[in-house]
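A structural walkthrough
In case you want the letters, here they are:
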Amino acid sequence: MKINSSKLICAPITERRAADFLSSMAEAEQVADAIELRFDYLEDEELLRLLAQLPSRVAGLTKPLVFTYRPREQGGQRELDICHRLSFWRNLSPQLIEALSYADFELDLVEGLAHSSPPIPWSKVICSYHNLDQTPDNLMETYQRMVRTPAAVVKIATRAVHLSDCLHIFELLERRVSPKPVIALAMGGPGLMTRVLALAYGAMLTFGALRRGAESASGQPTVAELRDLYRVKRLSRASEIFGLIGYPIGHSRSPAMHNAAFAALGRDAVYLPFEVDHVAQFVRDFVRPGTRKLDWQLRGLSVTIPHKLAIMPYLDFIDPTARRIGAVNTVVVAGDQLCGYNTDLIGAMKPLDELIDVREAKVAVIGAGGAARAVCYGLSQRGAAVTIYARDLNKAERLADEFQAQAALLESFTGQTDIVINCTPIGMRGHSEGDSPVKPEHLQGVKLVYDLIYNPAETTLLEYARQAGCRTLGGLAMLVAQAAEQFRLWTGEEAPVELMWQAASGFNSQSQT
Ligand code: NAP
């Protein structure tokens, strides 16, 4: 079957047993647009078993098939010298050769065969180049070399060490010198944007794993993520781009929330995680309209640890409240201006205001970091009597000076307050789950305990609070409220809060970032 539609999500089959391989093929037939049969995942005995059963099985498939038999040094699973690879392709039955849409031949194989008769017609050959270590600067030269071969399609996959490596992949897709279809992507975590935006930039296909653990390369999302979370087949060069910058990004819930909101409102937009280590370089190369090296419609960013302060010198405008809090968690790209806001304030205070009147309440804020700054600002505006408890008294005192609060050492906390707000990561999954910043006996008589942590939904602190008869509030409400405000700043539209809540709470994350 010839591939004539663009915008395909191709699922690689990476099973090691013939029976599992065949059942995964049937699964891929249901969810993917094309199926890559990775024969190099099977050792000889299982491979022979698979090849014996395959002719009858491929007859029932409707999706285009790509056959691959990759040696280990080029990203495959087996030690395969060139004779072994050639013999595999030459021994493929005519029935299977007829059934495949494309055979993936690595560049060395293609060049070795250039002057002899190929085992598969050139019109069905993808010429591939893989670099598992880096994305070389001279990728265009490699591409031009590959275009000159008789193969019908060019595939380039390189490892992105930094986000900036993705620029080479986009450059290649933008500056194609041949009508030959191209598959180009960057592997590894920083390469995700190339996989999500590949189809929008004209790549023939993008790869998606059938499930977590079935990836054929690092950084590969699942078919479901590409199709339902990022909606890659709907994206084009005109699509608006939003994203989250942080380091490390972990398993953030923000893509789930914002992409669900964009989909619900029918907005041609996508929200991506960007693992950014150098803020200045990222702003120059990807964000600022006058200097960015990527021609895309970037409209806004969420900013998380450790960049909430670091981003500030690179902005043209900072909202006075964000400046007063001393942190920016939202960037809006407005024309050629970069504008910074803080939605953690509204995110933290809205759920609290809905539950309790904090005016003149005695409030213990635990922690003196970024989130504590937003909370202290919100509480000082409302006239609460705040005491900041931190392990570092100097930090607590500095913050207290700014927001007319008291300061104390965390270990001196003994209760006797109306509200406790935890602004530390103590008790967070992946950090110190099971711990509490305060002892259970010190929660007697406290009216409300608010933990900014949202994973787990009930932290040990909240469990103690519930047992002590206090009202409790978890961090998910803040997460959703700050995201909804970001959405409003970026789009001017009210966010579908209920849907964002569902997207955030349905997400089974390993850590809270
Ligand atoms: P941050 O700027 O790193 O501040 C963390 C604070 O916690 C600092 O004061 C730090 O003390 C203190 N701390 C860390 N480990 C501690 C320990 N073992 N014992 C005592 N104090 C400790 O982080 P942040 O941005 O403020 O975030 C704080 C928490 O709020 C995190 O759990 C974060 O996930 C959560 N948060 C939730 C939301 C939401 O939407 N729900 C939004 C923002 C933040 P030192 O300064 O001495 O290190």
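Residues numbered from 1 in each chain as written. Predicted model: local features only at pLDDT ≥ 70, side-chain atom pairs only at ≥ 80, totals over all residues. Heavy atoms only, no water.

1. What to know about the confidence of the model for the protein
- Of all residues in the protein, 97% attain a pLDDT of 70 or more, and the chain-wide mean is 95.
- Note that residues 508-513 has pLDDT below 50 and, in this model, 24 contacts with residues that lie over four places away or in other chains. (pLDDT = per-residue confidence, 0-100. Contact = heavy atoms within 4.5 Å.)

2. A short note on the sheet that holds strand 1 (residues 8-13)
- Taken together, the eight strands give an open sheet; going across it, the order is 7-6-5-4-3-2-1-8, and neighbouring strands pair in parallel fashion. The open sheet has two edge strands, strand 7 (182-187) and strand 8 (205-207), and neither has a second partner. In this sheet, neighbouring strand axes are inclined to one another by 25° on average, regardless of whether the strands run parallel or antiparallel.
- Where helix 1 (residues 18-31) meets the sheet, it contacts strand 1 and strand 2 (34-38), and its direction lies at approximately 165° from that of strand 2. (Pairing = 2+ DSSP bridges. Helix = DSSP H or I, 4+ residues; strand = E, 2+ residues; numbered from the N terminus. Axes fitted to C-alpha atoms, helices over the stretch in contact; angles between N-to-C directions.)

3. Things to note about the packing of helix 1 against helix 2 (residues 44-58)
- One can describe the packing of helix 1 onto helix 2 by two numbers: an axis separation of 9 Å at closest approach and a directional angle of 30°. Classified by the angle their axes make, helix 1 and helix 2 are roughly parallel. The crossing of helix 1 and helix 2 is right-handed. Note on element contacts: helix 2 touches helix 1 through Glu46, Arg49, Leu50, Gln53, Leu54, Arg57 and Val58, opposite Ala18, Phe21, Leu22 and Met25. (Parallel < 35°, antiparallel > 145°, perpendicular 65-115°, else oblique. Left-handed = near helix turned anticlockwise from the far one by under 90°.)

4. Quick look at helix 15 (residues 393-402)
- Of the residues making up helix 15, those classed as buried are Ala396, Leu399 and Ala400. The buried side chains of helix 15 occupy one side of the element, clustering within an arc of 105° when seen end-on. Structural note: helix 15 exposes Arg398 and Asp401 on the side pointing more than 90 degrees away from its buried face.
- Of the surrounding elements, those touching the buried residues of helix 15 are helix 14 (370-382), strand 16 (385-390) and strand 17 (406-409).
- The N-terminus of helix 15 is capped by Asp392, whose side-chain oxygen sits 3.0 Å from the backbone nitrogen of Asn394.
- Once helix 15 ends, the next one or two residues include Gln404, with phi positive near 50°. (Buried < 20%, exposed > 50% of the residue type's maximum accessible area, 1.4 Å probe, protein only. Arc of directions from axis to C-beta. Polar contact = N/O pair within 3.5 Å; in protein donor to acceptor, adjacent residues only side chain to side chain.)

5. Notes on the nonpolar core
- Judged by nonpolar contacts, the single largest core of 99 residues is most densely connected at Trp89, Met193, Val196, Leu197, Phe274, Trp296 and Ile311.
- Top contributing element to this core by residue count: helix 7 (residues 166-174), with six residues.
- Beyond its immediate stretch of four places on either side in the chain, Trp89 contacts Phe67, Thr68, Tyr69, Ala103, Asp104, Phe105, Leu109, Pro119 and Ile120.
- Residues Ile356, Ala396, Leu399 and Ile421 belong to the second largest nonpolar core, which totals 34 residues. (Core = buried A, V, L, I, M, F, W, Y, C linked by side-chain atoms within 4.5 Å.)

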